[in-house]
Amino acid sequence: MEREHAIPPFLWKAAITLAVGGAAYLITNATGQPEIWRLTISIFIGGSTLIIQYMADFDRRLTSVESSLERHARDMNALVDRRYSKISEATKLFSLVENSPLHTDSVVQLVSNAAKIKAEGPGIVATFAQSEISRVGMLMEDLDGGEAVYDGEDHDWLLALTQSTTVSIDATSTSVDVNFWTTELGRRYLAAQREAIKRGVRVRRLFIVDHPDLVDDEAVRELRVSHADLGVEVRVLSMSTLPQRLKLDTMFDFIIFDDAVSYEVSAEQALEPVIANTRLVLRDVRVARRVQRFKDLWEAGSVTGHQLD
């Protein structure tokens with residue numbers, strides 16, 4: 001309401017101009033100057049006053065514009081710096097990916113698909129996607145460190161490693177695996193091994209039983225035969241007849257892929273063996289020990305049964 005009744009700026013300027021011009025006229029009149037000089041001086045001084053007012057306004061506005069431009073320039077510089085920093089970081093990361101053994105296209109596809117998650121979609125979708133990306137990130141970090149651990153029975157690593165193998169798969173199978181081969185994961189694992197054998201991968205499996213009389217047990221025999229039919233090289237080993245030097249190491253299930261990765265399973269004894277955790281070991285020294293361990297156990301095993309003589 002106060003602004004609606006405020007005097008417009010141009011009226012203030014006009015009033016100030018008239019007041020200064022009038023004052024100049026009165027002064028020149030008091031000094032007895034001719035009428036033409038009184039008017040000329042009054043008009044000159046009044047006009048000068050008006051011009052000075054507009055120049056002062058222009059200066060204020062120019063100062064305001066300069067301040068705005070400076071703020072805008074600072075904001076633009078900060079924005080450019082942030083963008084450049086992000087571009088620089090993205091370039092650095094992309095360079096690292098290009099120099100790694102991973103396929104660049106797969107990493108780019110992951111980032112591209114992650115960016116497609118809609119912000120306006122259900123919150124649980126974004127949260128789940130973030131959780132999976134974090135999980136994969138942690139796995140990459142663990143692999144770089146030489147060891148990764150999964151609580152419980154793994155359902156992904158086993159199949160992925162089998163599908164990635166190009167040379168050999170050497171595996172032990174203890175009582176932990178009694179019911180494994182009839183599960184969905186067990187059947188998928190056997191199918192993946194069959195495809196690996198077609199690719200020229202050598203697959204060996206050593207069944208480890210507690211007593212010699214179980215070597216020719218019907219259930220064990222069926223397992224041996226079914227694996228051999230797939231092209232798997234099979235042997236059986238009795239723990240009780242194991243040489244003393246081979247009993248020094250703890251017995252647990254492990255699979256060696258391409259003599260480079262040891263897939264190890266730890267079990268807890270309850271009413272029946274339960275898998276406590278799954279471990280991927282990539283450290284050269286430990287993998288070499290597993291390779292030698294399998295070689296020793298394999299040589300101590302026997303080839304028996306139908307189609308295995």
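Owing to the predicted nature of the structure, the values given are computational and were not obtained by experimental measurement.

(A) How the structure looks around the confidence of the model for the protein. In this model, the protein carries an average pLDDT of 78, and 70% of its residues clear a pLDDT of 70 or more. Every residue in residues 305–309 is under pLDDT 50, and counting partners more than four places away or in other chains gives 10 contacts.

(B) Focus on unusual backbone geometry. The backbone of Asp 258 sits at a positive phi, close to 55°, despite the residue not being glycine. Mapped onto the elements of the fold, Asp 258 is located in the loop between β5 (253–257) and β6 (261–269). At Asp 259, a position not held by glycine, the phi torsion is positive, near 55°. Following the sequence through the fold, Asp 259 ends up in the loop between β5 and β6.

(C) Broad picture of the pattern of salt bridges. Going through the model one piece at a time under the given rule, you end up with 10 salt bridges. Taking the shortest distance from any N to any O, the salt bridge between Glu 233 and Arg 202 comes out at 3.0 Å. Of this pair, Glu 233 sits in strand β4 (residues 233–238) while Arg 202 sits in strand β3 (residues 202–209); the two residues are 31 residues apart in sequence, bridging distant segments of the chain. Glu 233 gets classed as partly exposed once you look at its relative accessible area, which sits at 33%. Through salt bridges with shared partners, a single network forms among Glu 147, Glu 264, Arg 279, Arg 283, Arg 286 and Arg 290.

(D) Just the packing of aromatic side chains, in detail. Summed over all chains, the structure comprises six aromatic pairs. Centroid distance Trp 181 to Tyr 189: 5.9 Å. Interplanar angle 15°. Geometry classified as stacked. Accessibility expressed as a relative area gives 8% for Trp 181, which makes it buried. Looking at Tyr 189, the relative accessible area reads 2%, which means it is buried. Grouped by ring-pair contacts, the aromatic residues Phe 180, Trp 181 and Tyr 189 constitute a single cluster.

(E) Just helix α7 (residues 184–198), in detail. Between its first and last C-alpha, α7 extends 21 Å over 15 residues, near the 21 Å set by a 1.5 Å rise per residue. Within α7, burial applies to Leu 185, Gly 186, Tyr 189, Leu 190, Ala 192, Gln 193 and Ala 196. Taken end-on, α7 shows its buried residues confined to a sector of 160°, consistent with a single buried face. In this structure, the buried residues of α7 make contact with α6 (157–164), β2 (168–173), β3, α8 (218–229) and β5. Among the residues trailing α7, Gly 200 stands out with phi positive, at a value near 100°.

(F) Main features of the packing of α6 against α7. Contact pair α6 / α7: the axes reach a minimum separation of 9 Å and the direction vectors enclose 10°. The angle between α6 and α7 falls in the class roughly parallel. Seen from α6, the contacting residues are Leu 158, Leu 159, Thr 162 and Gln 163; seen from α7, they are Leu 185, Arg 188, Tyr 189, Ala 192, Gln 193 and Ala 196. Of the residues that constitute the contact of α6 with α7, the class distribution is six nonpolar, three polar and one charged.

(G) Structural context of the side chain of Arg 205. Inspection of the secondary structure puts Arg 205 in strand β3. A polar contact is formed between the side chain of Arg 205 and the side chain of Gln 193, at a distance of 3.0 Å. Setting aside its immediate chain neighbours within four residues, Arg 205 contacts Ala 171, Ser 173, Trp 181, Tyr 189, Gln 193, His 227, Val 232, Glu 233, Val 234, Arg 235 and Trp 298.

(H) Looking closely at the environment of Thr 166. Locating Thr 166 in the fold gives a position in the loop between α6 and β2. Taking the C-alpha atoms as reference points, Thr 166 and Ala 196, separated by 30 residues in sequence, lie 7.6 Å from one another. Other than its neighbours up to four places away in sequence, Thr 166 contacts Val 201 and Asp 258.

(I) Structural context of the nonpolar core. Counting 30 residues, the largest nonpolar core has Leu 158, Ile 169, Tyr 189, Ile 255, Phe 257, Tyr 263 and Leu 280 as its most contacted members. Those elements that provide at least two residues to this core are α6, β2, α7, β3, α8, β4, β5 and β6. Element by element, the count of residues in this core is highest for α7, at five residues. With sequence-adjacent residues up to four places away left out, Leu 280 is seen in contact with Leu 143, Gly 146, Glu 147, Ala 148, Trp 157, Leu 161, Val 261, Ser 262 and Tyr 263. Within the second largest apolar cluster, nine residues are counted, among which are Leu 206, Ile 208, Phe 254 and Leu 297.

(J) Inspection of the side chain of Arg 290 at higher detail. With respect to the helices, strands and loops of the structure, Arg 290 is situated in helix α9 (residues 284–300). Exposure remark for Arg 290: the relative accessible area of 13% places this residue in the buried category. Here Arg 290 is in contact with Phe 252, Phe 254, Ile 256, Ser 262 and Glu 264, once residues within four sequence places are set aside.

(K) View of the environment of Ser 238. By the secondary structure assignment, Ser 238 is in strand β4. For Ser 238, a relative accessible area of 5% gives the class buried. Distance in space between the C-alpha atoms of Ser 238 and Ala 300 is 9.1 Å, their sequence separation being 62 residues.

Thresholds, definitions, all that
- Position numbers for residues start from 1 in each chain and track the written sequence from start to end.
- It should be noted that, the model being predicted, local features are given only for residues of pLDDT at least 70 and side-chain atom pairs only at 80 or more, the latter also being counted only at that level, while totals for whole chains, interfaces and linings use all residues.
- In computing side-chain values, all of the structure's heavy atoms are included and hydrogens and water are not.
- A score from 0 to 100, pLDDT tells how confident the predictor is in each residue.
- The contact criterion used is simple: two residues touch if any of their non-hydrogen atoms lie within 4.5 Å.
- Helix and strand labels come from DSSP, where a helix needs a run of H or I of at least four residues and a strand needs a run of E of at least two; each type is numbered from the N terminus.
- Salt bridges are counted wherever a side-chain nitrogen of Lys or Arg sits within 4 Å of a carboxyl oxygen of Asp or Glu.
- The cut-offs for exposure are 20% and 50% of the maximum accessible area for each residue type, with area from a 1.4 Å probe on protein chains only; residues under the lower value are buried, those over the upper are exposed, and the others partly exposed.
- In this scheme Phe, Tyr and Trp rings, the latter by its six-membered ring, pair at centre separations within 6.5 Å, and the angle between planes marks the pair as stacked below 30 degrees, edge-to-face above 60, and tilted otherwise.
- Each helix should span, by expectation, one fewer than its residue count multiplied by 1.5 Å.
- The directions from the helix axis to the C-beta atoms are what the arc is built from.
- For helices, the fitted axis covers only the stretch in contact; all axes are lines through C-alpha atoms, and the angles between them, taken along N-to-C directions, range from 0 to 180 degrees.
- Here the angle decides the label: under 35 degrees means roughly parallel, over 145 means roughly antiparallel, 65 to 115 means roughly perpendicular, and every other value means oblique.
- Any residue that is not Ala, Val, Leu, Ile, Met, Phe, Trp, Tyr, Cys, Pro, Asp, Glu, Lys or Arg is counted as polar, Gly included; the first ten are nonpolar and the last four charged.
- Counting of polar contacts relies on pairs of N or O atoms within 3.5 Å, with two restrictions inside protein: one atom must be capable of donating a hydrogen and the other of accepting it, and residues adjacent in sequence are counted only when both atoms are side-chain atoms.
- We call a set of buried residues a nonpolar core when its members are Ala, Val, Leu, Ile, Met, Phe, Trp, Tyr or Cys and they connect through side-chain atoms within 4.5 Å of each other.

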